[in-house]
Amino acid sequence: MPDQSQLTQFPRPSVAVDTAVLCPVPGCGLHVLLTHPGDGVWQLPGSILRPQERLAEAVARCLREKARLVDRAPVQLHVFDQPDRDDRGWVISVAHLDVLSAGDVGLARTGDDGVPESGTAESGTAESGDDPAEAGDGFAEAVATDSDHADAPVHRRKLVPVHDVDELSSEHQEIVRVAVHRLRALHERTPDPFGLLESEFSLRQLRELHEIVAGESLQADTFRRTMLPLLDPTGQAVSQGRGRPAQTFTRRSELALRADSRRMPEDTRR
């Protein structure tokens, strides 16, 4: 019988981190960021933990080295612990979720209004050093070379629609599905939960973002009734084309929402 005081007597899995970086792209839908090491396959940015490395440190390292994203704070999404999920051996994956705009990823050509220029999502553009033959496969690609190690592989990147990830392994497809489900659930009850919009925005701007995440049109009146209690009017207005300017809002603070909840009659909270 193994010595219960010695952990080395027990079989131990490897621990990995994988991050689904989701990007709502105006006019193109919800996308996910994939990376390619040059001699492998397209995948989510991820890695096996190194000795004495914390999960957050491993996630930050992967996003920096493989996705060229820095100063990010992804949230833990789910622990995938099926023993046979990885053909390399017993691996437990702690999946994370991050959300940002395609422009912040650095793969979109954007105009003055921050919206990707026409054709970007359809044809893609290869930057210097990219494989031109791959340029049309997805949104746009770039080469990530800022690694902690000079001999680390160079990673290409691209954005693809979340419904078009067949080139990923089944394990990474599952992570994308869970990430999309979580993101959509958050947007059903929270206005712009990852703060992609400016601090002040109109209801139309908010609804357009939520429609990209949802992957479908949202009924305007229902959306308004759901979101208004979670917003504070600024007293300002913004022009949105023809018609009168639209009122702008900010997200209500957690303290304000809690105070309102305490003031609500008990029967209205049910």
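Bear in mind the structure is a predicted one, so any value in this text is a computation, not a measurement.

## Regarding the nonpolar core
1) Next: Core analysis: the biggest nonpolar cluster contains 22 residues, and Leu22, Val32, Leu34, Leu44, Val162, Ile175 and Val176 have the highest contact counts within it.
2) Next: Mapped onto this core, the elements with two or more residues apiece are β1 (14-25), β2 (29-36), β4 (75-80), β5 (91-99) and α4 (170-189).
3) Next: Here this core takes 5 residues from α4, the largest share from any one element.
4) Next: Aside from chain neighbours lying at most four places away, what touches Val176 is Val32, Leu44, Val162 and Leu168.
5) Next: If you look at the next biggest cluster of nonpolar residues, it comprises 16 residues, including Val25, Cys62, Leu69 and Leu159.

## Topic: the packing of helix α5 (residues 203-214) against helix α6 (residues 220-227)
1) Next: Axis separation between α5 and α6 bottoms out at 11 Å; the angle between their running directions is 105 degrees. Here α6 runs roughly perpendicular to α5, going by the angle between their axes. Across the interface between the two elements, Leu203, Leu206, Arg207 and His210 of α5 pack against Ala220, Phe223, Arg224 and Met227 of α6.
2) Next: Looking at the contact of α5 with α6, its residues break down into 5 nonpolar, 1 polar and 2 charged.

## Regarding α5
1) Next: Compared with an ideal rise of 1.5 Å per residue, which puts 12 residues at 16 Å, α5 spans 16 Å between its outermost C-alpha atoms and is within 8% of the ideal.
2) Next: All buried positions along α5 are accounted for by Leu203, Leu206, Leu209, His210, Glu211, Ile212 and Val213.
3) Next: Following α5 by one or two positions, Gly215 adopts a phi angle in the positive range, close to 75 degrees.

## A look at the packing of α4 against α5
1) Next: α5 packs onto α4 with a crossing angle of 150 degrees between their chain directions and a minimal axis gap of 9 Å. Taken together, α4 and α5 sit at an angle that is classed as roughly antiparallel. Regarding α4 and α5, the two cross each other, and that crossing is left-handed. Residues Leu183, Arg184 and His187 of α4 touch α5, and the partners they reach there are His210, Val213 and Ala214.
2) Next: Partitioned by chemical class, the residues of the contact of α4 with α5 number 3 nonpolar, 2 polar and 1 charged.

Calculation notes
- Residues numbered from 1 in each chain as written.
- Predicted model: local features only at pLDDT ≥ 70, side-chain atom pairs only at ≥ 80, totals over all residues.
- Heavy atoms only, no water.
- Core = buried A, V, L, I, M, F, W, Y, C linked by side-chain atoms within 4.5 Å.
- Buried < 20%, exposed > 50% of the residue type's maximum accessible area, 1.4 Å probe, protein only.
- Helix = DSSP H or I, 4+ residues; strand = E, 2+ residues; numbered from the N terminus.
- Contact = heavy atoms within 4.5 Å.
- Axes fitted to C-alpha atoms, helices over the stretch in contact; angles between N-to-C directions.
- Parallel < 35°, antiparallel > 145°, perpendicular 65-115°, else oblique.
- Nonpolar A, V, L, I, M, F, W, Y, C, P; charged D, E, K, R; others polar.
- Expected span 1.5 Å × (residues − 1).
- Left-handed = near helix turned anticlockwise from the far one by under 90°.

Function cannot be inferred from these measures alone, as they are strictly geometric.
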